[in-house]
Amino acid sequence: MPKEIIMPKFGFTQEESEILEWLNEEGDKVEKGDPIAVVSTDKISMEVEAPETGILSGIRYQIGDLVPVTEIIAYILQPGEKLPETEKKTEKKSGESKKIIEKAGKSATPIAKKLIEEKSLDINDITGTGEKGKITKTDVEIFLAKKKGFTGKINATPAARRIGAEENVSLSEIVGSGPDSRIQAGDVHKKILSSTKTVTGSDIPIVRTIPLIGMRKTIAQNMQRSMQEAPHMTLQIDIPMDALEKMRKEINSEQGKKSERVSLTAFITKAVALSLKRNPILNSQYSEKEIKILGKIHVGIATALDDGLIVPVIHNADQKEVRLISKEINDLAERARNAKLKPEDLSNGTFTISNLGMFEIDRFTAIINPPQTAILAVGKMNRYLIPADNDILAIQKIISFNLSADHRVMDGAQAAKFLSDLKSIILEPKVLLK
Amino acid sequence: MAKVKIEEQLIGGEFGRKKAEDLLYKMVLTRTFEENALDMFARGKVHGTMHVSIGQEGIAAGAGPALNEGDYLLNTHRGHGHFLLWGGDLNRMMAEFLGKETGYCHGRGGSMHIADVDSNNLGAQGIVAGNLPISVGVGLSIKMRKTNQVVLTLFGDGAANEGAFHESLNMASIWNLPIIYLCENNQYAMSMAFERAFRIEQISDRASSYGMKGLTVDGNDVIAVHKAVREAAERARKGNGPTLIEAITYRYKGHSKSDRQLYRTREEVKKWMKKDPIKRFAKLLDVDEKMLKKIEEKAMEDIQKAVAFSEESPEPKISSIMEGIYA
Amino acid sequence: MRELSYMEALREAIQQAMEKDERVFLIGEDIGIYGGAFGVSAGLLEKFGPDRIIDTPISEAGIAGACVGSAVTGMRPIGEIQFSDFVVLAMEQLVMQGAKMRFMFGGKAELPFVIRLAGGSGTGAAAQHSQSLENWFVHVPGLKVVMPSSPYDAKGLLLSAIEENNPVMFFEHKLLYKTKGDVPEDMYTIPLGKSKVVREGKDLSVIATSIMVSRSIEAAEILLKEGIELEVIDPRTLKPLDEEPITASVKKTGKALIVHEAVKTGGFGGEISAVIMESDAFGYLDAPIRRLAGLDMPIPYNRTLEHHAVPQVEDIVEEARKLIKGVY
């Protein structure tokens with residue numbers, strides 16, 4: 001009798017496993033207990049053992065296949081035995097559906113797959129909301145509910161329809177909680193409550209609408225994407241600015257023209273650039289396959305406009321003199337205000353500094369500007385009474401620096417080092433004049 | 001052929017001359033009405049069907065006048081004659097026939113359900129023997145109200161075999177109700193001949209099963225019918241209970257318009273036509289054929305007037321469709 | 001307020017009506033010295049004599065005909081059909097004559113009669129003595145159909161039926177005869193064609209007739225402990241049906257359960273269901289309308305089978321729970 005080898009269930013809630021490796025080939029002789037395949041569950045990989053001594057035959061799944069637990073993945077045959085008759089047919093079938101799924105590059109849970117096959121749907125039409133865009137049963141149901149022409153009308157109670165009509169809520173987006181996924185009145189109420197749109201008939205007057213186009217749209221999309229995709233880790237450091245301010249004052253007193261004076265921002269920019277040089281992981285880009293450490297340091301300075309935010313870039317900030325940086329910053333700000341920035345002014349930033357100190361903000365958290373992997377939020381310079389090194393209280397000028405870093409790319413220690421290096425540089429500011 | 005006990009004819013013994021002439025006219029009117037009705041039906045002017053009593057006019061002529069004003073009538077589906085001889089208005093009857101608003105029943109009843117509740121005519125009956133249990137109620141009512149009324153209840157030979165006949169006559173008997181059960185035995189219940197439906201020779205024999213007085217008369221003899229009904233009414237008014245009178249007669253035409261009459265021969269019909277009640281009564285009054293013809297013409301005139309009246313009368317309004325169901 | 005049984009309440013109605021109006025009389029089988037098969041007319045023969053309490057032979061057609069004939073000639077009879085099942089013997093007179101005479105005669109003729117019938121199962125009387133046939137008569141234009149559910153309603157509705165100038169089919173339930181309740185002594189009437197909300201609640205509208213009214217109230221008590229509130233409505237008159245309290249209730253609760261003893265298929269529940277669906281309560285329905293009714297079968301003799309052939313309190317509780325929980 002052919003012995004079935006099934007995909008084992010390793011965990012209570014486990015529904016499927018992915019085949020990572022076949023340790024044997026079709027026709028190999030295996031001993032009972034030999035590991036013949038490696039499969040992975042959510043986090044760990046496990047071995048599948050041969051249940052009997054015999055010949056490994058009728059392998060039904062390949063590397064990369066997601067197999068529902070307790071499904072037959074292969075057989076152990078004794079010499080002279082043949083595979084069960086049904087194998088030939090079912091092999092084709094699973095191969096086909098495998099092909100379909102492989103082709104689409106889309107994955108679905110076994111229950112979802114079953115439903116897709118049952119209803120003869122095209123997996124490409126369905127949006128998956130599971131992990132990595134995996135299609136769940138609910139996704140298929142929502143698709144079916146939307147696809148009126150296929151299933152006929154929407155299954156909803158009269159009360160649900162009436163409320164939907166009165167409150168101008170489309171039933172096609174709702175998955176019902178009633179029998180047969182029937183939409184009930186409660187489901188519609190829930191949808192209304194959870195809806196972020198302003199519902200017509202609301203009694204709050206709308207005084208102005210801002211179309212979500214252009215810069216606003218871009219910012220909205222970028223910021224949303226950044227928050228959704230990059231896990232933001234934030235670290236904060238208070239840095240005394242007295243030494244730097246003293247040095248700056250001295251330099252600027254030598255300057256005649258006001259326009260030639262070096263701003264604090266310029267110094268900070270240079271300090272950031274130098275710290276980036278020492279901590280290149282923060283000067284990087286994230287992609288699904290690899291983290292790219294960048295060879296140039298282009299620091300963007302987030303600049304507020306009347307109706308938005310742009311980030312002009314100081315290219316090669318680590319190499320420019322602080323005086324030049326200051327000039328460039330002023331020039332870019334001027335041109336930004338007059339809407340005269342060129343594309344090259346805004347391109348290729350590798351790191352961003354955002355400063356809300358002029359708005360009285362003590363400290364804040366900024367959102368990373370993709371594809372960058374970190375952003376530094378600079379707060380207002382405040383004066384605190386702090387014990388100095390000799391434990392005597394003294395007034396110090398403190399700025400709170402907040403770093404948001406992408407945890408996919410770096411860990412806490414790396415981000416922390418950037419900040420502590422930044423602090424060291426600012427505390428010994430002479431290095432900024434080089 | 002059923003054997004019939006023929007009562008002695010009391011020549012003029014029942015009616016005064018004037019009354020008799022009026023009766024003759026009404027008999028002719030009935031027949032003319034029904035022949036005309038048949039004609040109208042053939043021309044597609046009448047909806048539904050009708051049941052003509054051509055040949056049976058003697059019973060209506062004899063029975064009607066035997067009753068007082070205020071007595072009740074429970075009619076059969078073959079009751080145009082009884083209606084007319086009960087003093088029914090020809091115009092309103094014709095209008096009901098044509099389903100008009102001006103008809104006795106405002107067009108709601110038609111031929112089979114013509115009634116004039118105001119004159120205690122409790123209607124023609126669409127269900128054979130359907131009026132028999134009702135007669136029990138009417139009789140009870142008369143007794144309870146202690147009036148001097150009686151109720152004339154007409155039915156055919158076919159009704160005598162319905163269960164309701166049994167229940168009603170029994171109840172009428174045990175409670176001594178003032179009812180005259182007048183059976184128009186015209187030898188056929190639609191296609192069912194009397195001999196095939198009964199083992200007994202006379203329906204009046206059944207009266208004894210209920211302890212009731214029963215007799216059979218020649219239904220085509222107006223005098224005989226009149227005498228029997230008159231006596232039964234007196235009996236009832238005295239509190240001596242119900243009577244079952246069987247009047248033997250014959251219908252010349254089919255049961256209804258759609259009757260092909262395959263169940264009898266032309267010869268049989270012709271034989272009975274020789275005993276025609278109108279001819280016999282006319283003879284009694286010394287009315288010859290010429291005079292009879294004149295009466296027929298007058299009847300036809302009146303009927304044409306009634307037809308004209310009916311044709312000019314309005315149809316019931318559709319908006320009144322649901323009226324008259326509940327009080 | 002004194003308590004009377006349903007049977008005593010009916011008797012009092014008949015007695016008071018007969019005392020007031022000499023046109024009223026009672027006619028039926030074994031109603032005289034026997035006092036009626038269920039005791040309703042006990043003592044009436046002594047009070048009114050055999051001319052007004054009329055025993056009949058076993059002749060249902062005759063009884064019905066007697067009612068029709070006497071009603072159309074000025075009397076106000078009450079006919080008793082001993083077991084409602086026997087009404088089949090009287091169908092011709094009731095359906096062909098009593099229901100239609102007024103209409104056929106062009107709106108003339110008044111038929112002010114009441115037919116009282118003892119129906120329902122639960123006494124082991126088996127298939128031919130246990131039916132609920134009220135819906136047959138709902139289907140006949142010209143008749144009115146009434147089903148009292150309590151002693152109070154029985155007296156008030158019967159007095160109204162006797163005063164009604166149309167034929168009324170008055171369906172009593174055998175198991176209710178001995179039930180007791182407060183009944184005023186005066187000649188109060190409950191108008192025909194008026195539904196009543198007998199219990200208020202917010203979760204489910206239960207429309208019940210006859211004995212199912214008290215069973216629904218029992219079920220409501222049980223469910224209240226689970227936090228479920230039933231609203232119970234008794235139509236009282238099936239025809240003409242007072243729709244407004246029913247549809248108003250369904251608008252409030254969004255769910256309806258109809259409970260009657262008569263067989264489900266072709267039963268009155270279908271009528272109420274359609275009435276709700278055709279009304280403006282339709283837009284407030286949040287679940288299918290459910291009917292709980294007699295099984296499609298003759299009533300069996302065996303006690304347990306008989307019990308399960310018709311809805312009981314536990315069935316009402318179960319069905320209500322399911323509706324609330326969204327099983328349907």
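Residues numbered from 1 in each chain as written. Chains lettered and ligands numbered in written order. Predicted model: local features only at pLDDT ≥ 70, side-chain atom pairs only at ≥ 80, totals over all residues. Heavy atoms only, no water.

Turning our attention to the overall build of chain C. Of the regular secondary structure elements, chain C holds 12 helices and 14 strands. The buried share among the 328 residues of chain C stands at 64%. If you take every contact in chain C between residues at least 6 apart in sequence, the share linking residues at least 24 apart comes to 82%. About 12000 Å² of surface is accessible on chain C, with carbon and sulfur atoms providing 53% of the total. (Helix = DSSP H or I, 4+ residues; strand = E, 2+ residues; numbered from the N terminus. Buried < 20%, exposed > 50% of the residue type's maximum accessible area, 1.4 Å probe, protein only. Contact = heavy atoms within 4.5 Å. Areas by Shrake-Rupley, 256 points an atom, 1.4 Å probe, with all protein chains shown as cover.)

A count of helices and strands for chain B gives 11 helices and seven strands. Expressed as a percentage of its 327 residues, the buried residues of chain B come to 59%. Considering only residue pairs separated by 6 or more positions, chain B has 75% of its internal contacts joining residues 24 or more positions apart. For chain B, the accessible surface area stands at approximately 14200 Å², while carbon and sulfur atoms represent 51% of it.

It is worth spelling out the sheet that holds strand 7 (residues 168–173) of chain C at this point. Adjacent strands of a sheet form backbone hydrogen bonds with each other and so pair up, either parallel or antiparallel. All names here are of chain C. One open sheet accounts for seven strands, arranged 3-2-4-5-7-6-12; its pairing is mixed. In the strand order of this sheet, the two ends are held by strand 3 (53–55) and strand 12 (237–239), each with one partner. With strand direction ignored, the average angle separating the axes of adjacent strands in the sheet is 20°. (Pairing = 2+ DSSP bridges. Axes fitted to C-alpha atoms, helices over the stretch in contact; angles between N-to-C directions.)

With 35 residues of chain B in contact, the opposing surface of chain C contributes 41 residues. Both faces combined, the contact of chain B with chain C buries some 3000 Å², and carbon together with sulfur accounts for 69% of it. Across the chain B-chain C interface, the total number found is zero salt bridges. Broken down by secondary-structure element, the contributors of at least two residues to the side of chain B that touches chain C are helix 5 (131–145) and helix 6 (163–174) of chain B. Counting residues per element, the side of chain B that touches chain C draws most heavily on helix 5 of chain B, which supplies nine residues. Tallied by class, residues from the side of chain B that touches chain C come to 20 nonpolar, 10 polar and five charged. (Buried area = accessible area lost by both parts, 1.4 Å probe. Salt bridge = Lys/Arg side-chain N within 4 Å of Asp/Glu carboxyl O. Nonpolar A, V, L, I, M, F, W, Y, C, P; charged D, E, K, R; others polar.)

Next up on the list: helix 10 (residues 277–284) of chain B. Residue and element names in this part refer to chain B. Looking only at helix 10, the buried set comprises P277, I278, F281 and A282. Seen along its axis, helix 10 keeps its buried residues to an arc of 130°; they face one direction. Exposed residues pointing more than 90 degrees away from the buried face of helix 10 are listed as K279 and K283. Contact partners of the buried residues in helix 10: helix 1 (17–42), helix 2 (57–63), helix 8 (222–237) and helix 11 (289–312). Taking the backbone nitrogen of I278 as reference, a side-chain oxygen 3.1 Å away marks D276 as the first, capping residue of helix 10. (Arc of directions from axis to C-beta. Polar contact = N/O pair within 3.5 Å; in protein donor to acceptor, adjacent residues only side chain to side chain.)

Quick look at a negative patch on the surface now. Residue and element names in this part refer to chain B. Together, E35, E296, E297 and E301 line one region of the surface with negative charge. Turning to its location among the elements, E297 is positioned in helix 11. Overall, the relative accessible area of 48% leaves E297 in the partly exposed class. (Patch = residues over 30% accessible without salt bridge, like charges linked within 9 Å, V, L, I, M, F, W, Y side chains within 5 Å. Lys, Arg positive; Asp, Glu negative; His and termini not counted. Charge placed at Lys NZ, Arg CZ, Asp CG, Glu CD.)

Between chain A and chain C, the contact holds 10 residues from the first and 10 residues from the second. Between chain A and chain C, a total of about 700 Å² is buried, with carbon and sulfur atoms accounting for 50% of that surface. At the junction of chain A and chain C, the tally comes to zero salt bridges. Along the contact surface separating chain A from chain C lie seven residue pairs in polar contact (both at pLDDT 80 or more). Of all the secondary structure elements, the ones that give two or more residues to the side of chain A that touches chain C are helix 5 (158–166) and helix 6 (185–194) of chain A. When residues of the side of chain A that touches chain C are assigned to their parent elements, the largest contribution, four residues, is made by helix 5 of chain A. A per-class count over the side of chain A that touches chain C returns five nonpolar, three polar and two charged.

Let us now look at the pattern of salt bridges. In this structure the tally under the stated criterion is 39 salt bridges over all chains. The shortest N-O distance in the salt bridge between E21 of chain B and R17 of chain B comes to 3.2 Å. Remark: R17 of chain B and E21 of chain B occur in helix 1; sequence separation between them is four residues, near one turn of the helix. In this structure, E172 of chain C engages R116 of chain C in a salt bridge whose closest nitrogen and oxygen atoms are separated by 2.6 Å. Residue E172 of chain C is found in strand 7, and its partner R116 of chain C is found in strand 5 (residues 114–119); the two are separated by 56 residues along the sequence. Beyond isolated ion pairs, a larger network of salt bridges with shared partners links D331, R335 and D345 of chain A.

A full pass over the atoms with the stated rule returns six cavities of 30 Å³ or more. By volume, the largest cavity amounts to about 90 Å³. Residue lining of the largest cavity: 16 residues in total, with S132, E134, M147, H173 and S210 of chain C positioned closest to the centre. Of all the secondary structure elements, the ones that give two or more residues to the lining of the largest cavity are strand 7, helix 8 (211–224) and strand 13 (256–263) of chain C. Partitioned by chemical class, the residues of the lining of the largest cavity number five nonpolar, eight polar and three charged. Inspection of the lining of the largest cavity shows a minimum of three residues originating in each of domain 1 (3–182) and domain 2 (196–325) of chain C. Estimates place the volume of the second largest cavity at around 60 Å³. Around the second largest cavity, the lining comprises 14 residues; the ones closest to its centre are L122, A124 and Q125 of chain B together with Q97 and F105 of chain C. At the level of secondary structure, the elements contributing two or more residues to the lining of the second largest cavity comprise helix 5 of chain B together with helix 5 (101–104) of chain C. Its residues placed into classes, the lining of the second largest cavity shows seven nonpolar, seven polar and no charged. (1 Å grid on protein atoms, 1.4 Å probe; cavity = no way out; pocket = protein on both sides within 12 Å on 5 of 7 lines; lining within 4 Å. Points joined across faces, edges and corners; volume = space filled by probe spheres on them. Domains from an automatic or database assignment.)

On inspection of all chains with the given rule, the structure shows 17 aromatic pairs over all chains. Aromatic side chains F15 of chain B and F281 of chain B sit 6.2 Å apart centroid to centroid with 90° between the ring planes, which places their arrangement in the edge-to-face category. Of the two residues, F15 of chain B is situated in the segment before helix 1 and F281 of chain B in helix 10; the sequence distance between them amounts to 266 residues. Note on accessibility: F15 of chain B and F281 of chain B belong to one class, buried. With 5.9 Å between their ring centres and 40° between their planes, F137 of chain C and F171 of chain C make a pair best called tilted. With F137 of chain C in helix 6 (residues 134–138) and F171 of chain C in strand 7, the pair connects residues that are 34 residues apart, well separated along the chain. (Phe/Tyr/Trp six-rings, centres within 6.5 Å; stacked < 30°, edge-to-face > 60°.)

In this section: the confidence of the model for chain C. Regions with low pLDDT should not have their predicted coordinates read in detail. Scored by pLDDT, chain C has a mean of 96; 100% of the residues are at 70 or more. Among the scores for the predicted complex, ipTM is 0.85 and pTM is 0.64. (pLDDT = per-residue confidence, 0-100.)

For the rest of this paragraph, the subject is the packing of helix 1 of chain B against helix 10 of chain B. All names here are of chain B. Helix 10 packs onto helix 1 with a crossing angle of 160° between their chain directions and a minimal axis gap of 10 Å. Relative to helix 10, the element helix 1 lies roughly antiparallel. Pair helix 1 / helix 10 crosses with left-handed handedness. Seen from helix 1, the contacting residues are A20, L23, L24, M27, V28 and R31; seen from helix 10, they are P277, I278, F281 and A282. Looking at the contact of helix 1 with helix 10 residue by residue, the class counts come to nine nonpolar, no polar and one charged. (Parallel < 35°, antiparallel > 145°, perpendicular 65-115°, else oblique. Left-handed = near helix turned anticlockwise from the far one by under 90°.)

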